[in-house]
Amino acid sequence: MSDRQLPWIVAALVGGIILSWLLVVPPGAQPDEHSHLVRSGALVLRADKTDGFYVLPDRYVMTDPGCYAFDPFAPATCAAPLEHSGQDLLVLTRADDYPPGGHGLTGAATLLPGLDPVWWARLVAGVVATVFVSAAIVLALRRSRLLGGALLLALTPMAWSSLPSANPSTYAIAGATALWVALLTTDLRSRVPAATAWLIASGWAALAVSRRDGLVWACLIVFGVAVFRRFALVDLARRLTVGPVALAGVATLVTLVWGVTSDSRTSQLVVVAPILLVVAELVRSKADAVPPEARWWLVAIGAIAGVVAWPLLVSTRSKGWDTDLVVAIVNQTDDNLVEAIGRLGWLDAPIPSFAVYAWLLAIGGAVGFALITNVRGLVAAVVLVFVAALSSWTFELLQNNDSGTYWQGRYSLPLLIGVPLLLVVRPGDRADGADPDGIVGRFGARLMVWVTITGLLVLNLGAWAAARRWGVGLDGSYLPWRWDTSLQPVPSVLPLALLAACSLGLGWSVIARPERAADDPAVA
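Please read all numbers here as calculations on a predicted model, not as lab measurements.

A closer look at the state of the cysteines
By the definition in use, this model includes one disulfide. With its sulfur 1.9 Å from that of its partner, Cys67 forms a disulfide with Cys78. Linking Cys67 and Cys78, the disulfide has an S-S dihedral of approximately 95° and is accordingly described as right-handed. Of this pair, Cys67 sits in the loop between strand E2 (53–57) and strand E3 (88–92) while Cys78 sits in the loop between E2 and E3, and the two are 11 residues apart along the sequence. Residue class for Cys67 comes out partly exposed when judged on its relative accessible area of 36%.

Next comes the structure, spelled out in structure tokens:
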């Protein structure tokens, strides 16, 4: 496979995987997909609104998942298929407090003729995700096979299943994937190539305009990579061309205007994110002139200030500080991390437990590699997990939801995708004399095969488990020809076979690709 062929082959394989998920998941089985579809249609049709209800054509009404959502033993086919009459109906949405960017794009797609709006929404989301994820995989592979394999591990079943959906999380997850890889692999000693510059800007924009927390994630990703790679954000902006910088700026401005005018407390937080990014970058630039011994004092003072400021911040919620609720939310963190790996649908379609353990074991291998090659990456990955957890606690408390279970693991995926990448961002076959016996190189080569196979195997196990759950419930048959797939356009066995074939092709593209010379330009 030549380097020119690589983008097209990867795009075809990634597109096949995303198409498989698009067909496997029944309409209504994606969390909150109906609310987001209604909001998308209401935006483009300028529908009348009354107390959260919109007047929309009944083609925007999806199969009600109420009979099986949150009940893993009830098959999705307990919901009767809908027959559209063309009449206008009052339909409810709870997605009005999302930025309009993601909904506007999917909404425009729903105006196309031929298919029901949900399928057009999924298709356009899948196309956008294919572009972002394919570009990220190609950049990662051109950097090193190990980074490419780590990216396939980072894209968990929850991430893949969320990509072809009317939910704007699609654009956030795909955009974050591209942003992480582009920032970690770009040589910032010279002007950034135009394609990469546009990918960075587009990834930022996709995050900023799609979700309430998207701009927060974008700022955290950019600042985190800047600290990890020791480059100044001003230098990054200078090495991007005017067009990409303008795109990122316009997306940020639009989101800030939306945040300022929003009635939602968590939506208003997006205004703070770029301000804190600028302040943090100024502090970091000044800290470079401070002696190394004194920097630890600055870190300690900052940590103490954060510990004091966080309770004060979350106490500003309308119901004030609630110790029992805080404990309940913190105790939910491990469940959220498992959800980010593979608790699909309405959190009622879990992948097998052994698949979760296999995924975590592969992460353990990456941690071992980081210990001997890049402790800085290990520290960055640990800090990133902590920041993701702290962010989830903060957003949930400020949401004024007293259940303690509002946050879902997929919300944190834009950050968590970076964890496996940070652990392996240095190639295993370094040519700087640090590995004279080739031990590290052999470890890196074996780890590349390990994470690649594990990531793709877990992906396929998750898809089969989810298809079975929706077809017959968790206590039903394991034989796919006995699954009821009346809500899907094709029997599940067909997209599952396509998924397996594309996974094999993508795995081969990583494992069999010749490794490039280890000049390691992406890490200072």
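A few points about empty space enclosed by the protein
Inspection of the entire model under this criterion finds three cavities of 30 Å³ or more. As for the largest cavity, its lining consists of Arg211, Arg212, Asp213, Thr266, Phe395, Gln399, Tyr406, Trp407 and Tyr411. Considered class by class, the residues forming the lining of the largest cavity number four nonpolar, two polar and three charged. The volume enclosed by the second largest cavity comes to roughly 40 Å³. What lines the second largest cavity is Gln30, Pro31, Ser162, Ser165, Asn167, Ser169 and Arg410. When grouped by side-chain class, the residues that make up the lining of the second largest cavity number one nonpolar, five polar and one charged.

A word on the layout of surface pockets
Put simply, the largest pocket is a space of about 2800 Å³. Lining the largest pocket are 49 residues, and of these Leu220, Phe223, Ala280, Val383 and Val387 sit closest to its centre. Considered class by class, the residues forming the lining of the largest pocket number 39 nonpolar, five polar and five charged. What the second largest pocket holds in volume is close to 720 Å³. In terms of lining, the second largest pocket is formed by 30 residues, of which the most central are Asp32, Ser35, Arg94, Trp346 and Gln408. For the lining of the second largest pocket, the element with the most residues is helix H2 (residues 33–45), which contributes four residues.

Thoughts on the sheet that holds strand E1 (residues 49–50)
Spatially, E1-E2-E3 is the arrangement adopted by the three strands of the open sheet, whose pairing is antiparallel. Looking at the sheet topology across the chains shown, the edges are occupied by E1 and E3. Alignment of E2 against E3, held across five bridges, turns out to be antiparallel. Directly across from Pro57, in E3, lies its bridge partner Asp88.

Things to note about the pattern of salt bridges
Where side chains of opposite charge bring their charged atoms close, a pairing between them can arise. All chains considered together, the criterion is met by 14 salt bridges. Between Asp97 and Arg212 there is a salt bridge, with its nearest N and O atoms 2.6 Å apart. Residue Asp97 is found in the loop between E3 and helix H3 (100–110), and its partner Arg212 is found in the loop between helix H8 (194–210) and helix H9 (214–229); the two are separated by 115 residues along the sequence. Residue classification places Asp97 among the partly exposed residues on the basis of a relative accessible area of 22%. The salt bridge involving Arg469 is made with Asp348; its shortest N-O contact spans 3.1 Å.

So, the packing of aromatic side chains
Across all of its chains, the model carries 10 aromatic pairs by this definition. A centroid spacing of 6.3 Å and a plane angle of 90° characterise the contact between Trp310 and Trp321, whose relative ring orientation is edge-to-face. Taken as a pair, Trp310 in helix H14 (residues 292–314) and Trp321 in the loop between H14 and helix H15 (323–331) lie far apart in primary sequence, 11 residues in all. Given a relative accessible area of 16%, Trp310 falls into the buried group. Residues Trp310 and Trp393 carry aromatic rings whose centres are separated by 6.4 Å and whose planes lie at 70° to one another, so their mutual orientation is edge-to-face. Of the two residues, Trp310 is situated in helix H14 and Trp393 in helix H18 (residues 375–398); the sequence distance between them amounts to 83 residues. Taken together, Trp217, Phe395, Tyr406, Trp407 and Tyr411 form an aromatic cluster joined through their ring pairs. Directly above the aromatic system of Tyr478 lies the positively charged group of Arg468, at a separation of 3.9 Å from the ring centroid.

A look at H3
What H3 keeps buried is the set Gly102, His103, Thr106, Gly107, Ala109 and Thr110. Mapping the buried residues of H3 onto a view down its axis gives an arc of 155°, with all of them on the same face. Along its buried surface, H3 packs onto H2, helix H4 (117–143), helix H7 (169–185) and H8.

Basis of the calculations
Here, residues in each chain are numbered from 1, in the same order as that chain's written sequence. Selection of residues for local features in this predicted model requires a pLDDT of at least 70, selection of side-chain atom pairs for listing and counting requires 80 or more, and totals for whole chains, interfaces and linings are taken over all residues. Side-chain calculation: all heavy atoms of the structure are included, whereas hydrogens and water are not. To count as a disulfide, a pair of cysteine sulfur atoms needs to be within 2.5 Å. Secondary structure elements are defined from DSSP: runs of H or I of at least 4 residues count as helices, runs of E of at least 2 residues count as strands, and each element is numbered from the N terminus. Burial classes follow relative accessibility: with a 1.4 Å probe on protein chains only, a residue under 20% of its type's maximum area counts as buried, one over 50% as exposed, and anything between as partly exposed. Residues are said to line a cavity or pocket when one of their atoms sits within 4 Å of a point; the points come from a 1 Å grid over protein atoms alone, cavities being sets where a 1.4 Å probe fits but cannot get out and pockets being open sets with protein on both sides within 12 Å along at least five of seven lines. Grid points are joined across faces, edges and corners, and a volume is the space filled by probe spheres set on the points. Classification convention: Asp, Glu, Lys, Arg as charged; Ala, Val, Leu, Ile, Met, Phe, Trp, Tyr, Cys, Pro as nonpolar; all other residues, Gly among them, as polar. Each pair of strands is called paired provided DSSP finds at least two bridges between the two strands. The term salt bridge refers to a pairing of a side-chain nitrogen on Lys or Arg with a carboxyl oxygen on Asp or Glu at a separation within 4 Å. Centres within 6.5 Å are what make two rings of Phe, Tyr or Trp a pair, Trp counting through its six-membered ring; a difference in plane orientation under 30 degrees is then read as stacked, over 60 as edge-to-face, and the rest as tilted. Charge-over-ring placement is defined geometrically: NZ (Lys) or CZ (Arg) within 6 Å of the ring centre, and within 35 degrees of the ring normal. The arc refers to the directions leading from the helix axis to the C-beta atoms. By definition, residues are in contact when any of their heavy atoms lie within 4.5 Å.

Purely spatial values, then, with no claim about function.
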